[in-house]
Each structure stands twice: as C-alpha cells, then as structure tokens.
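Structural overview for review
Each chain is listed here by its residues.
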Amino acid sequence: MEYIDIDRVKKRMDKRLFINKMVKGIFFASAMFGLVVLAILLYRVIADSIGWISMDFLTGLLSTSAERAGIRGAIIGTLWLMAIVGPVTMILGVGTAIYLEEYAKKGKIHSIIQTNIANLAGVPSIVFGILGLTIFVRLFGLGASVIAGGLTMSLLVLPIVVVAAQEAIRSVPSHLREASYGMGATKWQTIKNVILPASIAGILTGVILALSRAIGETAPLVVIGIPALLIPVPTNVTDNFTALPMQIYYWTLDAVLVAEYANLAAATIVVLLIVLFILNSAAILIRNKFSKRY
Amino acid sequence: MTPATPKPETITRKQSIIQPEPDTGKPLVFNTKGLNLYYGKTHALKDIHLPIAENEVTAIIGPSGCGKSTYLKALNRMVEMVESVKITGEVLYRDSNIFDRSFKVEELRTRVGMVFQKPNPFPKTIFDNVAYGPRIHGIRDKKTLKQIVEKSLRGAAIWDEVKDRLDENAYSLSGGQQQRICIARCLAIEPDVILMDEPTSALDPKSTMKVEELVQDLKEKYSIVIVTHNMQQAARISDKTAFFLNGEVVEYDATDTIFSNPSDKRTEDYISGRFG
Ligand SMILES: Nc1ncnc2c1ncn2[C@@H]1O[C@H](COP(=O)(O)OP(=O)(O)OP(=O)(O)O)[C@@H](O)[C@H]1O
Ligand SMILES: [Mg+2]
C-alpha cells in the first residue's frame, strides 16, 4: 500500500514552489520597507545638513544668528547627562539584577517584581518626565539641573539595564557557581569572582544600549523644563543644561521663523546619529570581544 | 606526596567518640544517621544510615535517579541550593551535626571538597583556577599561592603537563586535564574529605585511568566518597561500597564482599547487570 502518489506530488510541486517563492518575496518586501524609509530619512537629514557641520558648529556657543550658532553647550550637556546616567544605572541596575537573580527567593514576590520591571520598560517616557518633575525638580528642589535630568533619565532606562544584566547573570552556567560555593566561597565572593567577570560583557552591552536610548530621549527633558535656549555651558551637576535632542527640538520648532534653523537641526541630528552609531558599535565590539565559551 | 606521608594532623585531631564500624579500626569522617531528604514532595533519600571512614574510598553505586548525587550533595550541603529541599535527620562530620545552626556551611565546604561530574574549571587561567580556593580563604601572598598551586597540581598528577602553561586559560586543556585541574583546585583548599560525583563519566578511558590512579594515591591523605555508574571502577578503586536503590541504602559493606558475596538479592541483581 503506497500512501504517496508520485504523480500527484509532481503536479503539486509547481504550486508549492510558487508559494514558497511568493512568501519569500513578502518577507523581503517587509524587510526592505523599513530600510527604504530609513534611507530616505537619512538622505533628507544628511542633505539638509551638508555644509553646516564644521568645527565651528561643534565648538561654537549657541546664538540666535544661524550662521554663528554652535552646539558646544548641547554636546557638553549631553555628556554631563551621560556622566550621571551611566554610573547611576550601572549601580542601581546591576544591583537590582544581582539581587533578583542571586539572592531573592524565586517565589510570588519575585515574579511580581519581574513582571513590573518588564512593564516599566514599556511606560511612555513622558510619564518618567512627570515623575522626575515631581520628585527631583520640585520635591528635592533640584531645578532643571544636570542632576535632575540625569536622575530622571536614569529611571527611564533603568529597566533596560536591569533586564539585560539579569539575562547576562542568568547565562552564567550554574556549574561555575557550584564550583565556587563548593570550595566554601560566600555568596558575595562568588558574585565578585565568578558571576560578574563572566557576565560583565552582557551587562556593559545593556548599559551602553541604555545610554543610547537616554541620549536621544526628548520628552522627559521637555517635561522637567530643560531650556533649549541656553548660552552658558554647564560646569557641574547643579548647573542648568541643555542636550542635543532639546536643541534639535527647539530648532525644528522655530524653523518656521528662521529657515536656516532646519539645517541646524539636521546638522545636530547627524551629530547625534554619529554618537549613537559609535555607542552601538562599542556595544557590539564588547559583546564580541568578551563572548566566552564555558 | 609520597605514599608514606603521615596523616595530616587535622585528621588525627578527633578520633574518639564515634565508634568505628565493626570491620574496620578506622575512625569516621562522616556518619549519617536517619537522613531523610525531600525535593518538595519527592522523597529522595529515605532514612539513610551510612558511615564514611577516614582514609578510605567509599563508592556509591545504584541505578539512575536513586539519590546518589543527592546524598553526596547533602554531605557538603550543596543540596540546599535547591530551594524546595527539606532535610531531617543528622549527618555528623567528625562529631558535629552539619545541619546545626551553629555549623557554618562555608567552613564545612572548606573541609569537604567536591569534584563534579562535568569538568567545571572557571574561565580563568590554570593558576587562577587552582589559587581560587586559597584566595577566597584570604591567602594573598604570591609566593605562598605559587607553592600551593604547585603542590596541588602535583597532587592531582597534572603538574608536568601544565607547569609551562599556568597562565593559559583552563579551557585550552583537554577534558581529562580539565578534570584533574578541578581536582587540583579542590586539593588546594586542603580538604579533609573529597566528594566526587561520577568524576570520570565525561572522560576517555585513558584519562579515566589517570583519575582512578589518582584516587588511589589521594586516599593516603584524604577520605574519598565517589559516586560511580561503573561497577568495575567501584570494584577497582573503593574499599567500601554502598548500594542505593530508590533513595534507600540497600546494602553497605566492604567492596570485596559486595561484589563477591552480596547479602541482598537486589544488590546481586544490580551488580550482575540485571537492572539499572
Ligand atoms: N533539583 C531537583 N529538584 C527536584 N527533584 C530532584 C532534583 N534533583 C534530583 N531530584 C530527584 O531526586 C531523585 C534522586 O536524584 P539524584 O540526582 O540524586 O539521582 P542519581 O542517583 O544521582 O541519578 P544519576 O545516576 O542519574 O545521576 C530523583 O528522583 C530526581 O528526580
Ligand atoms: Mg547523579
């Protein structure tokens, strides 16, 4: 008794191959759609910015006259922001991840916290802005300072770091932990000597991705009242500051008044994109360089 | 590391109270009394009574899932890393119950080392692997560490193979070499007892032979409990054998007796390969 009729299989073959090809075409088109839109966007931005990015633009102070305006203040403000967000998320995020993975009992409370962290990652950034405004700017009276902006941004990207660090810690094989505990090491010694060294690449990747999210976020900064028009450059954490996305926001808004502002905005976007590109490359490099076999 | 080395003083420290088993004059390192262990609702160890004598190799045999690893991990309390575990009964390590509140688990594990089934070196250099234990116990002096590392690697019969590549990652070694590095790492904490859970099951015959010879040498200085699926191995290297079945100790006796003249039918069936 034969179940497979070879003639019918042959007849169907063409149809099957056609569907196969068509499906491939659909998937290819989906992938291309995103790429094309991105390419157009990049093209427009870069075209607008041509001739506007120069050393003077990068190092010059803000000015109302488009020809003399520079983004030095915004660049330094962004760096200040990162100087807060980096360490704060690193310490809080990794601490949270270590607690959840290595100390907390895997019970109900654990899974509630876990779900909430995942949900926090999806909360709109403007909500974090409102939180920052209420707590840091008003309650703590920090004003629209570097520290207030940095802490607000830290809250916003903390879930990213926590989740990435948790995954990195979880991927450390348990036989390495056992080896350490089996020799009489305490929990902290095991974390410090075995778990963190083995997961540091994943953790750093998470931190960098978090930084690249923070660097481009605008809404929370708008809400906590970061000025876009700011001539002085911040020199410490309590100074007022502005950041690259704020600058872009301001120039784009005012492009109706001064046409050249559109070009300034485009030029700033290119600078921001380059910074993002560098950060992401660093993340990939770290991931590849440290990826270990166990 | 000559076989004639007298026993380390730590071992001769306490020899009194525990009555040795009838057929041996050796004092006990471990004595298990009425040990029951549950993983949640699974009753994995049932009323275990088992003495482990000093400077002997005690083999634990039995079919898969009978509780061999669980018992071994109970002896250094690694089993407590599973959250659902519940334990009743006592395990005496040189007269003190390891489950007492006052017994520090870190201290127990520096006296009772463990070698795992799969070689599990750290992704560090060979030197750092072996120096791991001494370092966590506070030894910082470079020279002392070097001496400990050399002594341990010699003890694990791998010094000659790795002495010129101590700075290489332990993962660059073969599986058999890695396992001996793990044994060296265990020796470096100068334990009293070494627990081995199927230490040769991931190794080729030649490496297996090396580890078996090593176990023979090591029992001069250490007491060894070894879990094995390999009957010949148990017969070759152990002095005492305990046969586990469904979480119970069916029979415990001198290895010769177990293999030539077992008193329980189930033991006989198992060692003659009729089940398991
Ligand atoms: N972490 C755990 N959680 C729940 N049950 C477990 C756990 N580890 C072991 N068990 C159960 O306890 C029993 C004994 O397991 P154990 O690992 O000690 O067996 P074993 O004799 O070492 O077997 P093998 O020869 O296959 O290694 C088994 O029924 C097993 O399913
Ligand atoms: Mg086992």
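Owing to the predicted nature of the structure, the values given are computational and were not obtained by experimental measurement. (Residues numbered from 1 in each chain as written. Chains lettered and ligands numbered in written order. Predicted model: local features only at pLDDT ≥ 70, side-chain atom pairs only at ≥ 80, totals over all residues. Heavy atoms only, no water.)

Considerations on the overall build of chain B
The helix and strand tally for chain B stands at 11 helices and 10 strands. Among the 276 residues that make up chain B, the fraction classed as buried is 55%. By sequence separation, contacts in chain B at least 24 residues apart represent 68% of the contacts at least 6 residues apart. About 12200 Å² of surface is accessible on chain B, with carbon and sulfur atoms providing 48% of the total. (Helix = DSSP H or I, 4+ residues; strand = E, 2+ residues; numbered from the N terminus. Buried < 20%, exposed > 50% of the residue type's maximum accessible area, 1.4 Å probe, protein only. Contact = heavy atoms within 4.5 Å. Areas by Shrake-Rupley, 256 points an atom, 1.4 Å probe, with all protein chains shown as cover.)

Let's talk about the sheet that holds strand S2 (residues 42-53) of chain B
All names here are of chain B. Read across the sheet, 4 strands follow the order S2-S1-S4-S5 without closing on themselves; strand pairing throughout is antiparallel. Edge positions in the sheet fall to S2 and strand S5 (96-97), since each has one partner strand and no second. In this structure, strand S4 (residues 85-93) lies alongside S5, joined through 2 bridges in antiparallel fashion. Its bridge partner lying in S5, Tyr93 is registered against Ser96. Sheet strands touched by helix H2 (residues 68-75): strand S1 (28-39), S2 and S4. Its angle to S1, the strand with the most contacts, is close to 120 degrees. (Pairing = 2+ DSSP bridges. Axes fitted to C-alpha atoms, helices over the stretch in contact; angles between N-to-C directions.)

Remarks on the interface of chain A and chain B
At the junction of the two partners, chain A supplies 21 residues and chain B supplies 23 residues. Buried area between chain A and chain B, both sides added, is near 1900 Å², and the carbon and sulfur share of it is 63%. If you sort the residues of chain A by the area they bury against chain B, Glu178, Gly182 and Met183 of chain A come out on top, with a joint share of 30%. Where chain A packs against chain B, one counts 0 salt bridges. Taken together, the connections running from chain A to chain B amount to 6 residue pairs in polar contact (both at pLDDT 80 or more). Per-element tally for the side of chain A that touches chain B: the top contributor is helix H7 (residues 174-181) of chain A, with 6 residues. (Buried area = accessible area lost by both parts, 1.4 Å probe. Salt bridge = Lys/Arg side-chain N within 4 Å of Asp/Glu carboxyl O. Polar contact = N/O pair within 3.5 Å; in protein donor to acceptor, adjacent residues only side chain to side chain.)

Quick word on the layout of surface pockets
Empty space among the atoms becomes visible once a probe the size of a water molecule is rolled across them. Volume-wise, the largest pocket comes out at about 730 Å³. Lining the largest pocket are 22 residues; nearest its centre among them are Glu102, Tyr181 and Lys187 of chain A together with Glu80 and Met81 of chain B. Looking at the lining of the largest pocket, the elements with two or more residues in it are helix H3 (72-103) and H7 of chain A together with helix H3 (105-111) of chain B. If one sorts the elements of the lining of the largest pocket by residue count, H7 of chain A sits on top with 4 residues. Partitioned by chemical class, the residues of the lining of the largest pocket number 7 nonpolar, 2 polar and 13 charged. (1 Å grid on protein atoms, 1.4 Å probe; cavity = no way out; pocket = protein on both sides within 12 Å on 5 of 7 lines; lining within 4 Å. Points joined across faces, edges and corners; volume = space filled by probe spheres on them. Nonpolar A, V, L, I, M, F, W, Y, C, P; charged D, E, K, R; others polar.)

Re the environment of Ile224 of chain A
Residue and element names in this part refer to chain A. Within the fold, Ile224 resides in the loop between helix H9 (219-223) and helix H10 (244-253). Note on Ile224: relative accessible area 3%, which makes it buried. Through-space distance from the C-alpha of Ile224 to that of Val146 is 11 Å; in sequence the pair is 78 residues apart.

A few points about the site of ligand 1
Residues and elements named next belong to chain B. Around ligand 1, the structure places 13 residues, and the nearest of them are Ser64, Lys68, Ser69, Thr70 and His229. Between ligand 1 and the protein, one listed contact pairs an oxygen atom with a backbone N or O atom of Cys66 at 3.2 Å. In the environment of ligand 1, an oxygen atom lies 2.7 Å from a nitrogen or oxygen atom belonging to the side chain of Lys68. Protein burial of ligand 1: of its 630 Å² of free accessible surface, 63% is covered by the chains. For the shell around ligand 1, the element with the most residues is H2, which contributes 3 residues. (Near = heavy atom within 4 Å.)

Some remarks on the pairing of strand S7 (residues 193-197) of chain B
Residue and element names in this part refer to chain B. For S7, the buried fraction is high: 5 of the 5 residues fall into the buried class. Going residue by residue along S7, you find Val193, Leu195 and Asp197 tucked away on one face and Ile194 and Met196 tucked away on the opposite face as well. Across 4 bridges, the pairing between strand S6 (residues 112-115) and S7 is parallel. Its bridge partner being in S7, Met114 is matched across the sheet by Leu195. As defined by bridge partners, S7 adjoins strand S8 (residues 223-227) across 5 bridges and the pair is classed as parallel. By the bridge assignment, Val193 is partnered in S8 with Ser223. In this fold, S7 hands off to helix H8 (residues 205-218), which returns the chain to S8; that crossover is right-handed. (Right-handed = clockwise from strand over helix to strand, strands pointing away.)

Re helix H4 (residues 126-136) of chain B
Burial of H4 of chain B is extensive: 9 of the 11 residues sit out of reach of the surface. What H4 of chain B keeps buried is the set Ile126, Phe127, Asn129, Val130, Ala131, Tyr132, Gly133, Pro134 and Ile136 of chain B. Here the buried face of H4 of chain B lies against H7 and helix H8 (187-216) of chain A together with helix H5 (142-155), helix H6 (159-162) and helix H7 (175-187) of chain B. Just downstream of H4 of chain B, Gly138 of chain B is the residue with a positive phi angle, here 95 degrees.

Describing the side chain of Arg185 of chain B
Residue placement: Arg185 of chain B occurs in helix H7. Despite its burial, Arg185 of chain B remains without a salt bridge, the nearest opposite charge being carried by Glu178 of chain A at 9.2 Å. Here the side chain of Arg185 of chain B touches Asn129 of chain B through a polar contact of 3.4 Å, side chain to side chain. Excluding residues within four positions of it along the chain, Arg185 of chain B makes contact with Ala179 and Met183 of chain A together with Asn120, Pro121, Phe122, Asn129 and Val130 of chain B. (Lys, Arg positive; Asp, Glu negative; His and termini not counted.)

Regarding unusual backbone geometry
All names here are of chain B. We note that Arg94 has phi near 45 degrees; this positive angle belongs to a residue other than glycine. Judged by its relative accessible area of 4%, Arg94 falls in the buried class. Of note in this structure, Glu198 is not a glycine but carries a positive phi near 45 degrees. When its relative accessible area of 11% is taken as the criterion, Glu198 is described as buried.

A few points about the packing of aromatic side chains
Here a ring pair, both rings aromatic, is described through the centre-centre distance and the interplanar angle of the planes. This structure, assessed with the given rule, holds 9 aromatic pairs over all chains. Ring geometry for Trp251 of chain A and Tyr261 of chain A: centres 6.3 Å apart, planes at 50 degrees, overall tilted. Taken together, the residues Trp251 of chain A in helix H10 and Tyr261 of chain A in helix H11 (residues 260-290) connect sequence positions 10 residues apart. Classification of Trp251 of chain A by relative accessible area gives buried; the value is 0%. Put simply, the rings of Phe57, Tyr250, Trp251 and Tyr261 of chain A touch in pairs and so form one group of aromatic residues. In this structure, Lys187 of chain A packs its charged tip against the face of Tyr103 of chain A, placed 5.2 Å from the ring centre. Its end group placed over the ring of Phe122 of chain B, Arg185 of chain B keeps NZ or CZ at 4.6 Å from the ring centre. (Phe/Tyr/Trp six-rings, centres within 6.5 Å; stacked < 30°, edge-to-face > 60°. Lys NZ or Arg CZ within 6 Å of the ring centre and 35° of its normal.)

All quantities given are derived from atomic positions and should not be read as evidence of function.
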